[in-house]
Amino acid sequence: MKAVFLDKDGTLIEDVPYNIDPDRIRLCAGALEAVQMLAAADYQIFIITNQSGIARGYFPESALINVEKHLRQLLATAGVSLASFYYCPHHPQGVITEFAIDCDCRKPNPGLLKKAAKEHSIKLDRSWMIGDILNDIEAGNIAGCRTILIDNGNENEWQISRSRLPNFIVNNLREAAAVIMASDRSPPQKKHPYS
Ligand SMILES: [Mg+2]
Ligand SMILES: [Zn+2]
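Now for a look at the structure at hand. Here the structure is a predicted model, which means the values were calculated and not measured. (Residues numbered from 1 in each chain as written. Chains lettered and ligands numbered in written order. Predicted model: local features only at pLDDT ≥ 70, side-chain atom pairs only at ≥ 80, totals over all residues. Heavy atoms only, no water.)

Inspection of the entire model under this criterion finds 5 aromatic pairs. With 5.3 Å between their ring centres and 40 degrees between their planes, Phe5 and Phe46 make a pair best called tilted. Note that Phe5 is positioned in strand S1 (residues 2-6) and Phe46 in strand S2 (residues 43-50), a separation of 41 residues in sequence. Owing to a relative accessible area of 0%, Phe5 belongs among the buried residues under this scheme. (Phe/Tyr/Trp six-rings, centres within 6.5 Å; stacked < 30°, edge-to-face > 60°. Helix = DSSP H or I, 4+ residues; strand = E, 2+ residues; numbered from the N terminus. Buried < 20%, exposed > 50% of the residue type's maximum accessible area, 1.4 Å probe, protein only.)

So this is what it looks like as structure tokens:
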């Protein structure tokens, strides 16, 4: 099985920092159409998100239950079911002791992608990570996925290294889905630059 791993904030939904209120969740323009295209092409859809608001004490871990539920409802309006929602609750400078750790699941670490792959029998080399910052790209590259950066202004540090280079750069999620469809029609001639 193959997957598309989506960053949540700024990629699938509009970025409202540390928001947990379902009423303030808005899908990015074209996002539903994008996930529909991907699901129709047999990609399992996952959300992979850093949620350091938990470690920082901004909201309890349980608040994400309603966030996930709402996202599932939004995708369901397009007939798409979310395979799973994975989040990292940690941050090394957090104030909630149990979450104030240097973990292996906070992107740019690939822990959540590896966990998802293991739990859902996903072939990472047939899968894609899409995000709006280079930390998403690094996580995807290290996990062995192909990667697409949505360059919508949210990445502003541009700390480039070999492991942080995306395979593609696009303007929005719909374009990202189109890139994946096109790649499926003509498999890449070269190996992944990071592999
Ligand atoms: Mg993001
Ligand atoms: Zn973590």
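Next comes the rest of the description.
Before going further, it helps to spend a moment on the coordination of the zinc ion (ligand 2). Bound to the zinc ion (ligand 2) on the protein side are Cys88 (SG), His90 (ND1), Cys103 (SG) and Cys105 (SG), at distances that span 2.0 to 2.3 Å. Coordination at the zinc ion (ligand 2) is tetrahedral: its 4 donor atoms span angles of 102 to 118 degrees at the metal. One chain supplies every donor for the zinc ion (ligand 2), spaced along it as C-x1-H-x12-C-x1-C. Of this pair, His90 sits in the loop between strand S3 (82-88) and helix H3 (111-120) while Cys103 sits in the loop between S3 and H3; the two residues are 13 residues apart in sequence, bridging distant segments of the chain. Each member of the pair, His90 as well as Cys103, is classed as buried. (Donors = N, O, S within 2.8 Å, 3.2 Å for Na, K, Ca; no water. Tetrahedral: all angles 85-135°; square planar, octahedral: opposite > 155°, others 65-115°.)

Below, the discussion takes up the coordination of the magnesium ion (ligand 1). Protein coordination at the magnesium ion (ligand 1): the donors are Asp7 (OD), Asp9 (O) and Asp132 (OD), at 2.1 to 2.2 Å from the metal. For the magnesium ion (ligand 1), all donor residues lie on one chain, and their spacing in sequence is D-x1-D-x122-D. As far as burial versus exposure is concerned, Asp7 and Asp9 are alike and both buried.

The buried count for helix H4 (residues 134-143) comes to 8 of 10 residues, which makes it a mostly enclosed element. Looking at H4, one finds that the buried residues are Leu134, Asp136, Ile137, Glu138, Ala139, Gly140, Asn141 and Ala143. Buried residues along H4 sit against H3, strand S4 (128-131) and strand S5 (146-150). Positioned one or two residues after H4, Gly144 has a phi angle of 100 degrees, which is positive. (Contact = heavy atoms within 4.5 Å.)

Everything listed here is a matter of coordinates, which is why it stays silent on function.
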